[in-house]
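# Reading the structure
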Amino acid sequence: MIPERNPYNNWKGNGTTTTFDFDFYIEDETQLAVYLTNSEGVQTLLTHGTDYSINELQNENGSYITFPLASSSYGVLGEDEIISL
């Protein structure tokens, strides 16, 4: 039997990209955790609606998030940073 695993995606920043895809189903925003890993390796849980938005829920093929939002205290993901969904 294969154990159930939570899907995830990681992206390394490039200083310009602000949308990040995910290819798995989520029913609502509570089923998605988004983390920012800074250049020092410190990981921070981001806040939905403040730091990022989710484009579409309940899509079997996934969707994407937009990060950062204007209300976020974080800037565009730098080359030495990682975002994880």
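Computed from a predicted structure; not experimentally measured.

### Let's talk about the confidence of the model for the protein
With 93% of its residues at a pLDDT of 70 or more, the protein has an overall mean of 92. Averaged pLDDT values over the elements of the protein bottom out at 94 in strand β1 (residues 10-12) and peak at 98 in strand β5 (residues 53-54).

### Here we look at the sheet that holds β5
Strand order in the open sheet made by the three strands is β2-β6-β5, with antiparallel pairing throughout. Looking along the sheet, the strands with just one partner apiece sit at the ends: β2 (19-22) and β5.

### Thoughts on the nonpolar core
Across soluble globular proteins, nonpolar side chains have a tendency to be buried as a group. Counting 15 residues, the largest nonpolar core has Phe22, Leu32, Val34, Tyr52, Ile65, Phe67 and Ile83 as the members making the most contacts within it. In this structure isoleucine 65 touches Thr18, Thr19, Phe20, Phe22, Leu32, Val34, Tyr52, Ser53, Ile54, Ile83 and Leu85, once residues within four positions along its chain are discounted.

### Some words on the side chain of glutamate 81
Within the secondary structure, glutamate 81 sits in the loop between β6 (63-66) and β7 (82-84). Lacking a salt bridge, the buried glutamate 81 has lysine 12 as its closest oppositely charged neighbour, with an N-O distance of 11 Å. There is a polar contact of 2.7 Å between the side chain of glutamate 81 and the backbone nitrogen of glycine 78. Contact partners of glutamate 81, with chain neighbours within four places excluded, come to Trp11, Lys12, Gly13, Leu36, Thr37, Asn38, Ser39 and Val76.

### Comments concerning the side chain of serine 63
Looking at the element boundaries, serine 63 is found in strand β6. For serine 63, a relative accessible area of 9% corresponds to the buried category. A polar contact is formed between the side chain of serine 63 and the backbone nitrogen of glutamate 56, at a distance of 3.0 Å. The residues touching serine 63, leaving out its near neighbours within four places in the chain, are Asp21, Phe22, Asn55 and Glu56.

What counts and what doesn't
- Residues numbered from 1 in each chain as written.
- Predicted model: local features only at pLDDT ≥ 70, side-chain atom pairs only at ≥ 80, totals over all residues.
- Heavy atoms only, no water.
- pLDDT = per-residue confidence, 0-100.
- Helix = DSSP H or I, 4+ residues; strand = E, 2+ residues; numbered from the N terminus.
- Pairing = 2+ DSSP bridges.
- Core = buried A, V, L, I, M, F, W, Y, C linked by side-chain atoms within 4.5 Å.
- Buried < 20%, exposed > 50% of the residue type's maximum accessible area, 1.4 Å probe, protein only.
- Contact = heavy atoms within 4.5 Å.
- Lys, Arg positive; Asp, Glu negative; His and termini not counted.
- Salt bridge = Lys/Arg side-chain N within 4 Å of Asp/Glu carboxyl O.
- Polar contact = N/O pair within 3.5 Å; in protein donor to acceptor, adjacent residues only side chain to side chain.

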